[in-house]
Amino acid sequence: MIGGKAWNWLAAEPLFLRGLHLDLSPASLVLLLQMFSVGVAAMIPLGAGAERWKLGASCASTILLAGWTYPLFAHWVWSEGWLSQLGVMYGLGLGFVDSGGASTIQIMGGLSALSIAWTLGPRRGKYSSDGGPAAIPAHNVVLVLAGCLLAWVGWLGLNSAGAILFNHREASAVVLIAINTTLSAGAAGLAAAIVTRLRFGRPDASLVSNGWMAGLVASSAASPFLKPPTAILAGAVAGALVVLSIELLEFRFTIDDPGGAISVHAIAGFWGLLSVALLSDAGAGSSGQWLAQFIGIATLIGFILPLTHGLNWLIDRVYPHRVDAEGEWQGMDLCELGAGAYPEFVVHSDEFSQL
Amino acid sequence: MIGGKAWNWLAAEPLFLRGLHLDLSPASLVLLLQMFSVGVAAMIPLGAGAERWKLGASCASTILLAGWTYPLFAHWVWSEGWLSQLGVMYGLGLGFVDSGGASTIQIMGGLSALSIAWTLGPRRGKYSSDGGPAAIPAHNVVLVLAGCLLAWVGWLGLNSAGAILFNHREASAVVLIAINTTLSAGAAGLAAAIVTRLRFGRPDASLVSNGWMAGLVASSAASPFLKPPTAILAGAVAGALVVLSIELLEFRFTIDDPGGAISVHAIAGFWGLLSVALLSDAGAGSSGQWLAQFIGIATLIGFILPLTHGLNWLIDRVYPHRVDAEGEWQGMDLCELGAGAYPEFVVHSDEFSQL
Amino acid sequence: MIGGKAWNWLAAEPLFLRGLHLDLSPASLVLLLQMFSVGVAAMIPLGAGAERWKLGASCASTILLAGWTYPLFAHWVWSEGWLSQLGVMYGLGLGFVDSGGASTIQIMGGLSALSIAWTLGPRRGKYSSDGGPAAIPAHNVVLVLAGCLLAWVGWLGLNSAGAILFNHREASAVVLIAINTTLSAGAAGLAAAIVTRLRFGRPDASLVSNGWMAGLVASSAASPFLKPPTAILAGAVAGALVVLSIELLEFRFTIDDPGGAISVHAIAGFWGLLSVALLSDAGAGSSGQWLAQFIGIATLIGFILPLTHGLNWLIDRVYPHRVDAEGEWQGMDLCELGAGAYPEFVVHSDEFSQL
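Because the structure is a prediction, the values reported are computed rather than measured. (Residues numbered from 1 in each chain as written. Chains lettered and ligands numbered in written order. Predicted model: local features only at pLDDT ≥ 70, side-chain atom pairs only at ≥ 80, totals over all residues. Heavy atoms only, no water.)

Focus on the overall build of chain A
So, point 1. A tally of regular secondary structure across chain A gives 14 helices and 0 strands.
So, point 2. Residue burial in chain A is summarised as follows: out of 355 residues, 54% are buried.
So, point 3. Expressed as a percentage of contacts within chain A between residues at least 6 apart in sequence, the contacts between residues at least 24 apart total 75%.
So, point 4. For chain A, the exposed surface amounts to about 14,600 Å²; the carbon and sulfur share of it is 68%. (Helix = DSSP H or I, 4+ residues; strand = E, 2+ residues; numbered from the N terminus. Buried < 20%, exposed > 50% of the residue type's maximum accessible area, 1.4 Å probe, protein only. Contact = heavy atoms within 4.5 Å. Areas by Shrake-Rupley, 256 points an atom, 1.4 Å probe, with all protein chains shown as cover.)

Listed below in structure tokens is the structure:
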């Protein structure tokens, strides 16, 4: 199964598409879904590399993620690959279960984000000489919240499509999935609000949006297998976890992840994978399901993460990931894309032209 | 029917969901729709309480709205409650008709907004000592317009879902509903542009967006029962009405409603309820339908508004709704949510840190 | 066929709607689609007239476009009009093919934008006395990119609806159309990034978004008739073309088109029409198809453009299109709509009040 011809079909798209008649067949629909899924995965590391990642290097890294590591692992999980067959072949529950892409999309993206944050190092000015991190607030939190709300809407489609195409659910499961996804995200946002209120004295708006994103990520693994109360529980844990994880990475491990991509996508994704065994109808109480989920997690940490980091390290030898100090001071919008993204600094444009 | 077990089922969600198999059954779909509908209703009062409403008090008020008053009234209107049965039981036309939530979602939200605006009082600086209101323009009218455009798209789904689930329309009615909803919103925006042009010399962009929102609200009551010309008429009246109502509330009644929530959602909603009897196929010319609509409106004003205001008054005793002067000067984004929402004021952050 | 009663049905909407039962019939669905299509077409000229077009004149121009020229040409292309019948009547391939509105929506809008840019002349300060154009960057490129991303999502629906309603495709063609549209847009964005990188040293963010918009426009003509590799080719050409066209219009022809509307909608639209004959299954290698497409293009340039420009010229006699210098200095948001759209200039509002 591994090493066969099929598992790199997405990377070899033009070849493969020549033989595929595109209609409402599952293979066509999978192709369509994967086109957008890999796009979601590829955007995640951008959150961790914000404000210091060269455009060219980010394109190279994205090409390797979207063209090689993502299709490889997605095949293992979704397209009758060995992880999905753990149940049939070795009696481990239903095999490795990830209905809507908590591992393939989210954790793949989150681990890539971790690799990029490691490679790049923190932004200048993030950590002072005594090691304490400075808060660098998002430029426009209203747009952050609006984007995360739109993601919520899209997630209803993502989880539903995954369940139908990869877990052979009936179309009628969409109602359960939409309710579970929404409850999980809502509970996660609430949990993040409560945790940030307890720790910082007031709920933090961007951490709350990270919270509900974490609830969405966690729901992706098990949404068709949960009941509403367990979906609420899965979301609440994800929302609390992501706040603590963001703090831990920033303060303890001094990893500078401006968008919280590692915590939101990788950490909440791992929790989602565990929730399949812990909370879902599919796996509750089955040690085989626990084992299958752990094998998947071990593959992600033991194989995908080193592979991804090795590829990013290779790119760094040829074409360094990090912009120079001058470019970082200008900002990526001006230095790499030639257009100021921050209208309120237009008035200061004279300062830039004096450089 | 009233006082039975069913009418508080949404508030008792976890209990009820235990027995419900979530599939494409009407009960499941109603649950899914109601989850989002109650969310829409709960966001409306935030527009009236903007810039001075404490986060904790707004959560308490939202919980009572979403957990008690909304499900109570929605049951009466939509789930075979007494208002919907006025036709069958007492021969009053089709009973109280509200297809897409003009009363349950919009007026409930708008009356709650009225109660909050009363309770909070105007923002500091809104009314000078001689009583004249100052214009406090929206921070970013581009985002206001973009949000209202997205609402337009969502409304096509809301009105369609309501008509199918609560008025037992065929799925093919979606085309008529989408056309009516769009014509109503377009006519309302145009009417608001004309009225503001006549009164202020130029069309006011944010009042025009309030105008088309009012057209959407009004269309919710009767969209499956209108024809395109009557939909245009219903919208045009709503758009003109909302501009006059906003002015009246601000100048005559000195009620400070920053987002126009009361006028857009309550006033246009009442007009929508009347349009069922006045303009629709369902009720035109039937005195029974007029009576049914008036009974619904009387229930909203005579029962729901006092109930809502009483609950908000109770909250105010325990945990005052209004932030202190210091917090109001900072703004809710910094004081209550810990993140500045207005990037262009970043340059002034020194002023805040000196406090 | 021409001059018959049917071809102005959209302009005579209230009359026509009286006889039409609105359900899932093709006529009803066409009406619904056309309501939104004509809205898209009508918004295109606003991009070319930005910052100097009077609101009243733009409304007059839009009414003539939406009420007369658009329905006229759309009838010829889509509703069994003479352009669509070129194949059946004169054996020219499949007749003039435009599946998703590259000509009816995009080129109509783009030619109207050209007429408006001609009529208005460049913005003050755009061209210095020695003729060199100054760059006037978009106020907020983040919103530009977000809007163009939302357009991408909507385009999947637009191309699919057009193919089903006007080219009698099965619903299953939606998958092929969605994949082709996405590949075309992606390839176009990439091509625009490469071309701007080669010419200006760095990819230009707003030109890249114009690039993928051009890919979407080009895909509209032929999306159900392409295969994925030809869709990529069609998009890549569109993306490169639009960058060169924007430069040519700005530097050579000194036409000031702030939003790139002429290049994105008209130029890429013409390329899309040609791609039907050059690349698609429908027309490849057929000289009849080439002729049909050229007849359509000739009609657009030789009849629709003069008609549109004549109408705009007439409006200009009665009610000049261009705002006066004072209004242009204030900006359209303050002068025409009475609400500042640029929050970061709020701090300068004193300057305006001193005028």
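Points about the pattern of salt bridges
All names here are of chain C.
So, point 1. Within the structure shown, the criterion is met by 21 salt bridges over all chains.
So, point 2. Residues Arg123 and Glu51 are paired through a salt bridge, measuring 3.5 Å at the closest nitrogen-oxygen approach. Note that Arg123 is positioned in the loop between helix 5 (102-120) and helix 6 (141-166) and Glu51 in the loop between helix 2 (26-48) and helix 3 (55-78), a separation of 72 residues in sequence.
So, point 3. Judged by relative accessible area, Glu51 falls into the partly exposed class, the value being 41%.
So, point 4. For Glu250, the salt bridge is made with Lys126, and the minimal N-O distance between the two is 3.0 Å. Highlighted residues: Glu250 in helix 9 (residues 228-252) and Lys126 in the loop between helix 5 and helix 6, separated in sequence by 124 residues. (Salt bridge = Lys/Arg side-chain N within 4 Å of Asp/Glu carboxyl O.)

Considering the state of the cysteines
So, point 1. Counted by the stated rule, this structure contains 0 disulfides over all chains.
So, point 2. Just so you know, B:Cys148 is unpaired, no disulfide at all, and the nearest cysteine sulfur is the one on C:Cys59, 18 Å from it.
So, point 3. On the basis of relative accessible area, B:Cys148 is assigned to the buried category, the value being 11%. (Disulfide = S-S within 2.5 Å.)

Quick word on the nonpolar core
So, point 1. Within the largest apolar cluster, 75 residues are counted, with the highest numbers of intra-cluster contacts made by A:Tyr70, A:Phe73, A:Trp212, A:Phe270, A:Leu273 and A:Leu300.
So, point 2. Apart from residues lying up to four places away in sequence, A:Trp212 is in contact with A:Leu145, A:Cys148, A:Leu149, A:Trp152, A:Ala185, A:Ala188 and A:Gly189. (Core = buried A, V, L, I, M, F, W, Y, C linked by side-chain atoms within 4.5 Å.)

Examining the side chain of B:Arg52
Residue and element names in this part refer to chain B.
So, point 1. Turning to its location among the elements, Arg52 is positioned in the loop between helix 2 (26-48) and helix 3 (55-78).
So, point 2. Here Arg52 occupies a buried position and makes no salt bridge, while the nearest side chain of opposite charge, Asp256, is found at 4.4 Å.
So, point 3. For Arg52, the side chain forms a polar contact with the main-chain oxygen of Gly121, separated by 2.6 Å.
So, point 4. When sequence neighbours within four positions are dropped, the list of residues in contact with Arg52 reads Ala117, Leu120, Gly121, Pro122, Arg123, Asp256, Pro258, His321, Arg322, Val323, Glu328 and Met332. (Lys, Arg positive; Asp, Glu negative; His and termini not counted. Polar contact = N/O pair within 3.5 Å; in protein donor to acceptor, adjacent residues only side chain to side chain.)

Examining the packing of aromatic side chains
So, point 1. Summed over all chains, the structure comprises 18 aromatic pairs over all chains.
So, point 2. For the pair A:Trp78 and A:Phe166, a centre-to-centre distance of 4.1 Å together with 5 degrees between the ring planes defines the contact as stacked. With A:Trp78 in helix 3 (residues 55-78) and A:Phe166 in helix 6 (residues 141-166), this pair connects stretches of sequence that are 88 residues apart. Accessibility classification places A:Trp78 together with A:Phe166 in one group, the buried group.
So, point 3. Ring centres of B:Trp76 and B:Phe303 lie 5.7 Å apart, and the angle between their planes is 40 degrees; this geometry places the pair in the tilted category. A residue pair is termed long-range when its members are at least 10 positions apart, and B:Trp76 in helix 3 and B:Phe303 in helix 11 (residues 287-318) qualify at 227 residues. (Phe/Tyr/Trp six-rings, centres within 6.5 Å; stacked < 30°, edge-to-face > 60°.)

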